[in-house]
Amino acid sequence: MQPKTLLQSIAAPFRQFIRNESSSGILLILSTVIALVWANSPLSPAYFNLWDTPVSISIGEDSFSKPLLLWVNDGLMAIFFFTIGLEIKKEVIDGELSTPRKAALPLLAAVGGMVVPVGLFFLLQDAGPGMKGWGIPMATDIAFSIGILSLLGSRVPLGMKVFLTAFAIVDDLGAIFVITVFYSHEVHWGALAMSGGILAFLFLCNHMFSIKRNWVYLLGGLGVWYYMFKSGIHPTIAGVLVAMAVPATNKLRARRFASRIEDFLDEFRMEKADGGGPFIPDPELHQLQDLRNRARSVLPPLQRLEYQLNDFVAFFVMPLFALANAGIKFGGSGEVFGQPLFMNIAVALLFGKVIGIVLFSWLAVKLRIADLPLRTGWVQMAGLGLLGGIGFTMALFISNLALEGAALLAQAKLGILIGSFVAGTAGYLLLHYTLREPLEEELESVAASGQEQTV
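Caption draft 1: Just the overall build of the protein chain, in detail. Counting its secondary structure elements, the protein chain contains 19 helices and 2 strands. The buried share of the protein chain, reckoned over its 455 residues, is 46%. Here the protein chain displays about 23,300 Å² of accessible surface, and carbon together with sulfur accounts for 66% of that area.

Encoded structure:
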């Protein structure tokens, strides 16, 4: 076998894994298991010491030092929130949140999926330090929920995937609002003004100067993040705000690009650039470079950034976040299991989410402001509601902001893991046994209509 063919055969399974919708969720599960095993192994001190390692950054005379864990949670997760912001903007401009009719069902379902779990948590949790964790059960993990749904394959109607994606996006938007308003620290207004000034400049670059260069918004985004960090507002919010400034229009329309390609191919054939040598003559080389630039101009900067960052976030940022945050030491686990915070978070995630999502969706349908997705009944909506109870990434993120002390944080994390695991498993099983292949449904429908005609 040739070396190139051998390398291709080795790389093919990895490319296929990355293209699979469920791969990100699988990697998150693997990272969580590694974190739990590592934190409870003889190498446990190495795990906790790693994330406590101080990392310093200096900019001029200004410098700050934070543990590695905070650089993951405050730095890398800002990129995660940036991709969420890009997705929200895309859906609002031209997607499932672009019209009131389209947005009604996922919007109301997300409201129910936030309000009911929080209300249930308040009913169950006694006053005290643990009450600060009320925002934990309101979050849904997009990667996990979509990944589990994709395991069901072609039986899942497109409308169900669209609903779950749109719902999770709105849910994340609500979580971002809660983080900004309730879980930020004392505000330093000078730094916040600097952050707002850079952000305003980025909006001017887009709407007044029509600048489409991604590096302008990424470089400006670093400035927004830095001063947001110094202001006391949680810096990951900078990711969402900067995403709103990224241009969503292209320089070159697809029709003009297609026409230019046809002209280029005609010229390229006439010049006989492939005259036998390995190199392309300069005139044709300039044409190829021009074609590459035009190809970049067809894709809006927002979509290009989302495409470029998607794999990095899904296969590096989120697994690393899980590895850094899911390590719970079970020594003295009886104390964790015996505390109400652990159970209240798990119950709020499992029952609060499904009740809130189904109830508010039912209200939207009954009020005639929305319709259920095609081939989706209330049993399937309950399955989607259970998948909405997978709070993993966002719930862990909020728990780090809301709770102080290792004991409370361990209770919250264990509640998140168990609640998310039970909700995800129950949702998968419910959908697995109630969804049917499209062809099977069509055959049953034809048979039923034939029986009616016979009668």
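Caption draft 2: Representation of the packing of aromatic side chains. The tally for this structure, following the rule as stated, stands at 16 aromatic pairs. For the pair tyrosine 47 and phenylalanine 48, a centre-to-centre distance of 5.0 Å together with 90° between the ring planes defines the contact as edge-to-face. A centroid spacing of 5.4 Å and a plane angle of 35° characterise the contact between tryptophan 225 and phenylalanine 229, whose relative ring orientation is tilted. One end of the pair, tryptophan 225, and the other, phenylalanine 229, are both in helix α9 (residues 214–231), 4 residues apart, so they sit about a helical turn from each other. Assigned by exposure class, tryptophan 225 and phenylalanine 229 land together as buried. An aromatic cluster is built from Trp38, Tyr47, Phe48 and Trp51, whose rings are joined through pairwise contacts.

Caption draft 3: Structural context of the side chain of threonine 236. By the secondary structure assignment, threonine 236 is in helix α10 (residues 236–245). Its relative accessible area of 0% is what places threonine 236 among the buried residues. Reaching out from threonine 236, the side chain makes a polar contact with the side chain of histidine 234 at a distance of 2.7 Å. When neighbours within four sequence positions are excluded, threonine 236 is seen to be in contact with Asn73, Asp74, Met77, Ala78, Phe81 and Phe397.

Caption draft 4: Quick look at the packing of helix α15 (residues 340–366) against helix α18 (residues 406–434). In contact at an axis separation of 7 Å, α15 and α18 are set at 30° when each is read in the N-to-C sense. Classified by the angle between their axes, α15 and α18 sit roughly parallel to one another. Along this stretch, α15 crosses α18, giving a crossing that reads as right-handed. Of α18, the residues touching α15 (which contributes Leu341, Phe342, Ile345, Ala346, Leu349 and Leu350) are Leu408, Gln411, Ala412, Leu414, Gly415, Ile416, Ile418, Gly419, Ser420, Val422 and Ala423.

Caption draft 5: Molecular detail of the packing of helix α4 (residues 68–94) against helix α13 (residues 301–325). The interhelical angle for the contact between α4 and α13, taken along N-to-C directions, is 145°, at an axis separation of 9 Å. When you trace α4 past α13, the crossing you get is left-handed. Taken together, the residues of the contact of α4 with α13 break down into 19 nonpolar, 3 polar and 4 charged.

Caption draft 6: Expanded view of unusual backbone geometry. One non-glycine residue, serine 210, lies in positive phi territory at about 55°. Within the fold, serine 210 resides in the loop between α8 (189–207) and α9. Taking relative accessible area as the criterion, serine 210 reaches 45% and is therefore assigned partly exposed. Despite not being glycine, arginine 375 has its phi angle at roughly 55°, a positive value. Take arginine 375: it is sitting in the loop between α15 and α16 (378–388).

Caption draft 7: Inspection of the nonpolar core at higher detail. In this structure, Phe80, Phe81 and Leu149 are the most contacted members of the largest nonpolar core, which totals 85 residues. At 12 residues, helix α7 (residues 158–182) tops the list of elements feeding residues into this core. If we skip the residues at most four places from it in the chain, phenylalanine 80 touches Val313, Val317, Met318 and Met394. By size, the runner-up hydrophobic cluster in this structure holds 24 residues, among which are Cys205, Tyr226, Ala238 and Leu305.

Caption draft 8: Region of the structure containing the side chain of asparagine 206. As for its placement among the helices and strands, asparagine 206 is situated in helix α8. There is a polar contact of 3.1 Å between the side chain of asparagine 206 and the backbone oxygen of alanine 245. Discounting residues that sit within four places of it in the chain, asparagine 206 has contacts with Lys89, Ile211, Tyr217, Ala245, Val246 and Pro247.

Caption draft 9: Representation of helix α3 (residues 44–52). Three or more residues of α3 are buried, namely Ser44, Tyr47 and Trp51. Angularly, the buried residues of α3 cover 65° about the axis, an arc narrow enough to put them on a single face. Of the surrounding elements, those touching the buried residues of α3 are α2 (23–39), β2 (62–67), α4 and α13.

Caption draft 10: Quick peek at the pattern of salt bridges. Evaluation of the coordinates by the stated rule reveals 3 salt bridges. Close ionic contact of glutamate 306 with lysine 90 constitutes a salt bridge, the shortest N to O distance being 3.1 Å. Pair noted here: glutamate 306 is in helix α13 and lysine 90 is in helix α4, with a separation of 216 residues, a long-range link. Among the ionic pairs, aspartate 171 bridges to lysine 353, the shortest N-O distance being 2.6 Å. With aspartate 171 in helix α7 and lysine 353 in helix α15, the pair connects residues that are 182 residues apart, well separated along the chain. Across the pair, exposure class does not vary: aspartate 171 and lysine 353 are buried alike.

Analysis parameters
All residue numbers refer to position in the chain's written sequence, counted from 1. For this predicted model, a pLDDT threshold of at least 70 governs which residues receive local features, and a threshold of 80 or more governs which side-chain atom pairs are given and counted, while totals over whole chains, interfaces and linings are taken from all residues. The side-chain numbers reported here are obtained from all heavy atoms of the structure, hydrogens and water having been left aside. In this text, helices come from DSSP runs of H or I with a minimum length of four residues, and strands from runs of E with a minimum of two, each type numbered from the N-terminal end. Burial here depends on accessible area, computed with a 1.4 Å probe over protein chains only, as a share of the maximum for the residue type. Under 20% is buried, over 50% is exposed, and the range in between is partly exposed. Residue-level accessible areas treat just the shown protein chains as cover; the underlying method is Shrake-Rupley with a 1.4 Å probe. The criterion for an aromatic pair is that two Phe, Tyr or Trp rings (for Trp, the six-membered ring) have centres within 6.5 Å, with stacked assigned to planes under 30 degrees apart, edge-to-face to planes over 60 apart and tilted to the rest. Polar contact criterion, stated in full: a pair of N or O atoms within 3.5 Å, where within protein one must be able to donate a hydrogen and the other to accept it, and residues adjacent in sequence count only if both atoms are side-chain atoms. Residue contacts follow a heavy-atom distance rule, with two residues in contact if any of their heavy atoms lie within 4.5 Å. Orientation is described by lines fitted to C-alpha atoms, with helices fitted over the stretch in contact, and by angles between N-to-C directions that extend from 0 to 180 degrees. In this scheme, roughly parallel covers angles under 35 degrees and roughly antiparallel covers those over 145, while 65 to 115 is roughly perpendicular and the rest are oblique. The sense of a crossing depends on the near helix, which, turned anticlockwise from the far helix by less than a right angle, makes the crossing left-handed and, turned clockwise, makes it right-handed. Under the scheme applied here, ten amino acids are nonpolar (Ala, Val, Leu, Ile, Met, Phe, Trp, Tyr, Cys and Pro), four are charged (Asp, Glu, Lys and Arg), and all others, including Gly, are polar. Here, nonpolar core means buried Ala, Val, Leu, Ile, Met, Phe, Trp, Tyr and Cys residues that are tied together by side-chain atoms lying within 4.5 Å of each other. Here the arc refers to the directions that run from the helix axis out to each C-beta atom. Every case where a carboxyl oxygen of Asp or Glu lies within 4 Å of a side-chain nitrogen of Lys or Arg is listed as a salt bridge.

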